[in-house]
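Here is how the chains run, residue by residue.
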Amino acid sequence: MSRHLSSKSIGGLNLIVLAGILGACNQKPPEPPALKPAPAAADTSENSVTIESGRGSFEIIDAAKPWPDDAPADVPRYSFGTIRKIIRTETPEGSSWDMAIDRLPEHALRDYEVALKAKGFETTSMIVAEQEGDRGSVTGIKGPFTVVLIGSGGSMSLSIIQKQ
């Protein structure tokens, strides 16, 4: 019986040695070359990205800005808070600017409705005064422009649509 154990031990040892030799002979497969990003029709500056498509372009600006530089002059500037994100869209049907706005004063919706009316916009609104500030929406229409402001408390979204 001891002889049987001895041959089993030697056989096991042979398998370990053989596996070690085979493993040492094995070479790692060559690593694939680093992939370089394919050039795309996009501007990837630090705070914005522009995507071009067959139907138009989309630009997303993720930075605090006072007002989009290319927004229509007929639309009153929104100066009641911090614009933290702008999505600019251009299609054959028209252009739009969609903004996310934070840090608003208490009556920002009502104050912007007054600014729209002063610029000749016909407005409709549904504003509810609440403890944390106005909540609701204001829509203004004038010629090819539609302005929609939706807010609650300290944040709002403002959309300007310009039809072609």
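Quick notes on the rules
- The residue numbering used here restarts from 1 in each chain and proceeds along that chain's sequence as written.
- Restriction of local features to residues with pLDDT of at least 70 applies here, the model being predicted, together with a cutoff of 80 or more for giving and counting side-chain atom pairs; totals for whole chains, interfaces and linings are based on all residues.
- Just so you know, side-chain values use all the structure's heavy atoms and leave hydrogens and water out.
- In this text, helices come from DSSP runs of H or I with a minimum length of four residues, and strands from runs of E with a minimum of two, each type numbered from the N-terminal end.
- Here the term buried applies to any residue with accessible area under 20% of the maximum for its type, exposed to any over 50%, and partly exposed to those in between, with areas from a 1.4 Å probe on protein chains only.
- Whether two residues are in contact is decided by their heavy atoms, any of which lying within 4.5 Å being enough.
- Residue burial considers only the protein chains on display, and all accessible areas are found by Shrake-Rupley using a 1.4 Å probe.
- Here, nonpolar core refers to any group of buried Ala, Val, Leu, Ile, Met, Phe, Trp, Tyr and Cys residues whose side-chain atoms link them within 4.5 Å.
- Per residue, pLDDT measures the predictor's confidence, with a range of 0 to 100.

### Looking at the overall build of the protein
Alright, step 1. Within the protein one finds two helices and nine strands.
Alright, step 2. When each of the 164 residues of the protein is scored for burial, the buried share is 29%.
Alright, step 3. Pairs at least 24 residues apart make up 45% of the contacts formed inside the protein by residues separated by at least 6 positions.
Alright, step 4. Approximately 11000 Å² of the protein is accessible, and the part contributed by carbon and sulfur atoms is 58%.

### Some thoughts on the nonpolar core
Alright, step 1. With 25 residues, the main nonpolar core has Trp67, Tyr78, Met99, Tyr112 and Leu158 as its most contacted residues.
Alright, step 2. Looking at this core, the elements with two or more residues in it are strand 4 (82-91), strand 5 (94-102), helix 2 (108-118), strand 8 (145-152) and strand 9 (155-163).
Alright, step 3. With four residues, the single largest contributor to this core is helix 2.
Alright, step 4. With sequence-adjacent residues up to four places away left out, Tyr112 is seen in contact with Trp67, Val75, Pro76, Arg77, Tyr78, Phe80, Val147, Leu149 and Leu158.

### Some points on the environment of Ile60
Alright, step 1. Tracing the backbone through its elements, the reader meets Ile60 in strand 3 (residues 56-61).
Alright, step 2. Taking the relative accessible area as the measure of exposure, Ile60 reaches 32% and is therefore partly exposed.
Alright, step 3. Spatially, the C-alpha atom of Ile60 lies 6.4 Å from that of Thr50, the residues being 10 residues apart in sequence.
Alright, step 4. Ignoring anything within four residues of it in the chain, the contact list for Ile60 reads Asn47, Ser48, Val49, Ile86 and Ile87.

### Quick look at unusual backbone geometry
Alright, step 1. Unlike most non-glycine residues, Arg103 shows phi in positive territory, near 55 degrees.
Alright, step 2. You can see Arg103 is positioned in the loop between strand 5 and helix 2.

### Observations regarding the confidence of the model for the protein
Alright, step 1. For the protein, mean pLDDT is 78; residues scoring 70 or higher make up 72% of the total.
Alright, step 2. Ignoring residues within four places in sequence, the model shows residues 32-45, a span with pLDDT below 50, making nine contacts including any to other chains.

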